[in-house]
Amino acid sequence: MEFMKTVTGNRLWRSIVRHGVVATNRNRVMMVMESLFLHLHSTKVRRRNLEASSHYYLGGISGFLFCVLTMTGLYLMLYYHPSVPQAYQDMKELSFAVSNGVFLRNMHRWAAHAMVLAVFLHMLRVFYHKAYRPPREFNWVVGVVLLLLTLLLSYTGYLLPWDQLAFWGVSVGTNMVQATPFAGKDLRFLLLGGNIVGENALLRFYVLHCVILPLALAFGVGIHLWRVRKDGGVQGSRGTTRPEPGKGE
Amino acid sequence: MDLVKTSDAKAVPKRIALIRREAPARLLEDREETWMTAPHLLIREVILFQACVIALAIVSLVFDAPLEGIADPSHTPNPAKAPWYFLGLQELLHYFPPIVAGILLPALAVIGIVVIPYFRINLEVVGFYERPWRRSLAFLTALVAVVSAILVAYHVWPVLVPTLVVFAAMSLPALPVCPEGVKKWLARVPLADWIMHWFVSVVVILTVIGTLFRGPGWSWVWPWAGGAH
């Protein structure tokens, strides 16, 4: 303990973490308020919202999966060339030559599926708890945009291995886009950078998947979390309880 | 100007709030019990995230991500399937023209979900049978009849069945044969929840059929017969 005091008491430590480490309520408040990462939280939370049944942590799980996907994704980018047929060779390389390459790819793939599921379940939770009611209406809209971005991220990533599954999965999807009235053909051309799923499509999906969509999602998540705080915090399961006449909601 | 401090009501008019008996003033102040975020919430989050990583790691060790042969535009697999979360749409494509299944229905679904908080029906927490319901039920019956007719015309059984099942469950309390316990339980469910039950059951059924029960030429196969992949 003397040693810990020396570590946390010196000038260097105190320049990084200004508040003390003694477990006083003041320090606990400072710990949350003064940290860039923790200040997304309020310093106090409703006791009811500490129970898992209040929200099942589905928003947190979605956000956490996004972090896992960003990290494994960056690592995968080191071994990947968005070109035909090198993209597919890279998958083989990842399977046979890269240390833990299979594990890395598996983790990215399953986390992506899990995120689609988690975001959808998060939406259902918010719906059934009536957590979209005023003043949270707009945050619900932001959430729907985030759901769509999640789907698009997963879908653009689907093409990158450049195997039969990827190629035909994307062919089926982009053929559906073609059915859009008036602009269908142009939309598909814009998406694929041509009339077929080829090298240009791979590059476009790569840029969308690795740069544009993750940035858009991170930006959207920022707005979403900001609004959670500004709209009065996580609502939890409170919305389903009925206000009794004459009593507070 | 000096602040006038007097209790003379003629000199300083007082503001009076009139509260009617039917509309009592609500207590808006949040007086719920709160706990410190550090450590109570943070410790829960750390444990949750560790559990997530462990679960993901185990799944990644046991199951390998699929990798088929290199993309070959000249060789179309049969069936060619989209990722699982789009297979509900692909299943619809089997029944409706692409503009309906691929554009119109998904667009309607997204718009329908976006506008949820802006419609009064979704803001009510009152059960469907806890307010005047006869006219609403008659209207809904007509609506379901029209939708069902369209679904029958296009042979969309995977949507028709959940539609009728959910509607049957919803209209059960209106029937005199309904047992009292069931009636009490169903009557509390708001209309918005019924609509969402219907939407979720349709999405789940379409996705499961598209993923597991569709084989070559989008024909019906049984998953245990090894036809779908």
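What counts and what doesn't
Residues numbered from 1 in each chain as written. Chains lettered and ligands numbered in written order. Predicted model: local features only at pLDDT ≥ 70, side-chain atom pairs only at ≥ 80, totals over all residues. Heavy atoms only, no water. Helix = DSSP H or I, 4+ residues; strand = E, 2+ residues; numbered from the N terminus. Buried < 20%, exposed > 50% of the residue type's maximum accessible area, 1.4 Å probe, protein only. Contact = heavy atoms within 4.5 Å. Areas by Shrake-Rupley, 256 points an atom, 1.4 Å probe, with all protein chains shown as cover. Rg over C-alpha atoms; globule rule 2.2 N^0.38 Å. Lys, Arg positive; Asp, Glu negative; His and termini not counted. Charge placed at Lys NZ, Arg CZ, Asp CG, Glu CD. Expected span 1.5 Å × (residues − 1). Bend = angle between axes of the 7 residues up to and from the residue. pLDDT = per-residue confidence, 0-100.

> Give a description of the overall build of chain B that names residues and reports values.
Helix and strand content of chain B: eight helices and one strand. Taking all 229 residues of chain B together, the buried fraction comes to 33%. Relative to all contacts within chain B whose residues are 6 or more apart in sequence, the contacts with residues 24 or more apart total 59%. As displayed, chain B has an accessible area near 14,800 Å², and 70% of this comes from carbon and sulfur atoms.

> Can you lay out the overall build of chain A for me, pointing to particular residues and giving the numbers?
Scanning chain A from N- to C-terminus turns up ten helices and one strand. Traced from its N-terminal end to its C-terminal end, chain A shows the element sequence α-α-α-β-α-α-α-α-α-α-α. Its C-alpha atoms give chain A a radius of gyration of 23 Å, clearly above 18 Å, the size a compact globule of 249 residues would have. Expressed as a percentage of its 249 residues, the buried residues of chain A come to 47%. When contacts within chain A are restricted to residue pairs at least 6 apart in sequence, long-range pairs at least 24 apart make up 65% of them. Here chain A displays about 13,200 Å² of accessible surface, and carbon together with sulfur accounts for 68% of that area. Computed over 26 positive and 12 negative side-chain charges, the separation of the two mean positions in chain A equals 9 Å.

> How would you summarise helix 3 (residues 98-114) of chain B if you had to cite specific residues and measurements?
Side chains that are three or four residues apart share a direction in an α-helix, a result of its 3.6 residues per turn. The end-to-end C-alpha distance of helix 3 of chain B is 23 Å, a good match for the 24 Å that 17 residues give at a rise of 1.5 Å each. At B:Leu104, helix 3 of chain B shows its strongest bend, of approximately 30°, with the proline B:Pro106 following within four residues. Taken together, the buried positions of helix 3 of chain B are occupied by B:Ala101, B:Gly102, B:Pro106 and B:Ile113. Buried residues along helix 3 of chain B sit against helix 6 (101-128), helix 7 (137-159) and helix 8 (164-177) of chain A together with helix 2 (87-93) and helix 8 (191-212) of chain B.

> Can you tell me about the confidence of the model for chain B, naming the residues and giving the values?
Overall, the prediction assigns chain B a mean pLDDT of 89, with 88% of residues at 70 or greater. Here the prediction assigns the complex a pTM of 0.89, and the interface score ipTM is 0.89.

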